[in-house]
Amino acid sequence: MRHLISIIMTVSVAVLGLSATPSAGDERYDRIEFPNVTGETTITGYILRSGTGGSNRWAVLAHACNGVLNGKGDIREKYSAMAFQLKENGVSSFLVDSHNSRGKNNICKTKDAHRSATPAKRIDDHIGAAAYIKKMYPDASIVLVGWGPGSLETMNTRNNLVSRTEQLFSAAALFYPPCRGGGGNSPYSPYAPMLIVVGENDNWEPAGKCEDLIREKSPHSAEMELKIYADTHHGFDNINQPVKEYKHASGRSTSGSNPASAQDAYDRIVGFFAEHTGAR
């Protein structure tokens, strides 16, 4: 498998230079437009290039329901924290903006029936981003880092779109995904190794559901790993977010930062990608 990450190291938010949220117009990011894989929609993306990894090590970052940009039009700190962690390890990041490309930003309080960026469309966008990278750099090794709806299904061979398109991701790491579906006659079956990180106290996307998903996965599934963080809630990688109850489309859940869990997740993700892409 092609190399992805050459150095495993611990990089804190302070070391990454994130004293302020990088703007979408930040010169460190290239703003581009690309078609999703079906060609249905033109999607905006933000590229943070690694200065050491050349053009063959990439990560597609798939945002959560809050969108890649904050209310001021700046890239949210938690996505930049992950992108800069990868950059320090020789990996370029491609942040996909599924929401603003469809005229919305934060849709966490929007019911599923009224969301323009449905999980199916998000899958379309994620695969389209990987295809865009492959068109630019045919030898690129690409991984997926996901937070929101569609990330889990982007790797599922039983998904209709995934089964009809080239499988472009060599590994995936997901923060507190909605571990629903699978089991019965259609167990979950990712085509590449996957790491899931979730908080023990997550009452929005409970860790137990991810344990069930992995236990009931297809016998043909690629390797799946689960890391559950003690005393940790949903959104634990958010930057400086108080732990409290927040309202969303499905009700109310507790969310908030846990810097120690977030840093361990960053390091674990870097190591997981290194292990499963042959990089050292």
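Quick summary incoming for the structure in this document. (Residues numbered from 1 in each chain as written. Predicted model: local features only at pLDDT ≥ 70, side-chain atom pairs only at ≥ 80, totals over all residues. Heavy atoms only, no water.)

### Things to note about the overall build of the protein
What counts, and what does not: Secondary structure counts use DSSP, requiring at least four H or I residues in a row for a helix and at least two E residues in a row for a strand, with both numbered from the N terminus. Partly exposed describes any residue whose relative accessible area lies between the buried limit of under 20% and the exposed limit of over 50%, with all areas from a 1.4 Å probe on protein chains only and scaled to the type maximum. Residue contacts follow a heavy-atom distance rule, with two residues in contact if any of their heavy atoms lie within 4.5 Å. Calculation of accessible area relied on Shrake-Rupley with a 1.4 Å probe; when residues are assessed, cover is drawn exclusively from the protein chains displayed.
Secondary structure assignment for the protein yields six helices and ten strands. By residue count, 58% of the 280 residues in the protein fall in the buried class. Sequence separation of at least 24 residues holds for 74% of the intrachain contacts in the protein that already meet a minimum separation of 6. Carbon and sulfur atoms form 47% of the exposed surface of the protein, whose accessible area is close to 11,700 Å².

### Quick word on the state of the cysteines
For clarity, the cut-off: Two cysteine sulfur atoms form a disulfide, by the criterion used here, when they sit within 2.5 Å.
Applying the stated rule across the entire model yields one disulfide. Covalent S-S linkage joins C179 and C210, the inter-sulfur distance amounting to 2.1 Å. Of note, the bridge from C179 to C210 carries an S-S torsion of about 80° and is right-handed in sense. Taken as a pair, C179 in the loop between β6 (169-175) and β7 (194-199) and C210 in helix α5 (residues 207-215) lie far apart in primary sequence, 31 residues in all. According to the relative accessible area criterion, C179 is buried, its value standing at 6%.

### Remarks on helix α1 (residues 77-88)
Filter applied, for reference: Helix span, expected: 1.5 Å multiplied by one less than the number of residues in the helix.
Between its terminal C-alpha atoms α1 stretches 16 Å, which fits the 16 Å expected from twelve residues at 1.5 Å a residue. Along α1, nine of the twelve residues are buried, which leaves the element largely enclosed by surrounding structure. Taken as a whole, α1 has its buried residues at K78, Y79, S80, A81, M82, A83, F84, Q85 and L86. Immediately beyond the C-terminal end of α1, within one or two residues, lies G90, with a positive phi of roughly 85°.

### Quick look at the pairing of strand β8 (residues 224-229)
It is a general feature of regular strands that their side chains alternate between the two faces of the sheet. Definition in use: Note on pairing: two strands pair once DSSP finds at least 2 bridges between them. Handedness is read with the strands pointing away from the viewer; a crossover is right-handed when the path from the first strand over the helix to the second is clockwise.
In the sheet, β7 pairs with β8 via six bridges, with the strands oriented parallel. Within β8, the residue paired with G199 across the bridge is Y229. Taken together, β7, α5 and β8 form a β-α-β motif whose crossover is right-handed.

### Structural notes on the sheet that holds strand β5 (residues 141-146)
What counts here: Fitted lines through C-alpha atoms serve as axes, helices being fitted only where they are in contact, and the angles separating the N-to-C directions of these axes extend from 0 to 180 degrees.
An order of β1-β2-β4-β3-β5-β6-β7-β8 is seen for the eight strands of this open sheet, with the pairing classed as mixed. The sheet is open, and its two edges are formed by β1 (29-35) and β8, each paired on a single side. For this sheet the average axis-to-axis angle between neighbouring strands, irrespective of direction, equals 20°. For strand β3 (residues 57-62) and strand β4 (residues 92-97), the ladder comprises five bridges, and the chain directions are parallel. Paired with A62 across the bridge in β4 is V96. Its contacts with the sheet place α1 against β1, β2 (42-48), β3, β4, β5 and β6, and it is angled at close to 170° to β3. Against the sheet, α5 contacts β7 and β8, and its axis sits at roughly 160° relative to β8.

### Quick look at the pattern of salt bridges
To keep it simple, the criterion reads: Salt bridge criterion: a side-chain nitrogen from Lys or Arg within 4 Å of a carboxyl oxygen from Asp or Glu.
All told, the structure shown has five salt bridges when counted by the stated rule. For R49, the salt bridge identified is with D30, shortest N-O distance 3.0 Å. A residue pair is termed long-range when its members are at least 10 positions apart, and R49 in the loop between β2 and β3 and D30 in strand β1 qualify at 19 residues. A relative accessible area of 34% means that R49 is categorised as partly exposed. On the basis of relative accessible area, D30 is assigned to the partly exposed category, the value being 32%. Ionic pairing is found between E205 and R180, a salt bridge with its closest N-O pair at 3.0 Å. Taken together, the residues E205 in the loop between β7 and α5 and R180 in the loop between β6 and β7 connect sequence positions 25 residues apart.

### Details of the nonpolar core
Basically, it comes down to this: Definition of nonpolar core: a set of buried residues of the types Ala, Val, Leu, Ile, Met, Phe, Trp, Tyr and Cys, connected through side-chain atoms within 4.5 Å.
Membership of the largest hydrophobic core comes to 36 residues, with the highest contact counts inside it found for L61, M82, L95, W147, F175 and F273. Contributions of two or more residues to this core are made by β2, β3, α1, β5, β6, β7 and α6 (259-277). Filtering out sequence-adjacent residues up to four positions away, L95 remains in contact with Y29, T44, G45, Y46, L61, V68, I75, Y79 and A83. Counting residues in each nonpolar core, the second largest holds 35 residues, with V96, I123, A130 and A172 among its members.

### Topic: the packing of aromatic side chains
Applicable threshold: Each pair of aromatic rings taken from Phe, Tyr and Trp, with Trp reduced to its six-membered ring, is defined by centres within 6.5 Å and is described as stacked if the planes are under 30 degrees apart, edge-to-face if over 60, and tilted in the remaining cases.
Scanning all chains against the criterion turns up twelve aromatic pairs. Consider the rings of F175 and Y176, whose centres lie 6.0 Å apart with planes at 65°: the pair is edge-to-face. Here the two residues F175 and Y176 agree in accessibility, since each one is buried. Seen in terms of ring centroids, F272 and F273 are 6.4 Å apart; in terms of plane orientation they differ by 55°. Their pairing is tilted. For the pair F272 and F273, one class covers both residues: buried. Among the aromatic residues, those joined into a cluster by ring pairs are Y79, W147, F175, Y176, Y229 and F236.

None of this, on its own, says anything about what the molecule does.
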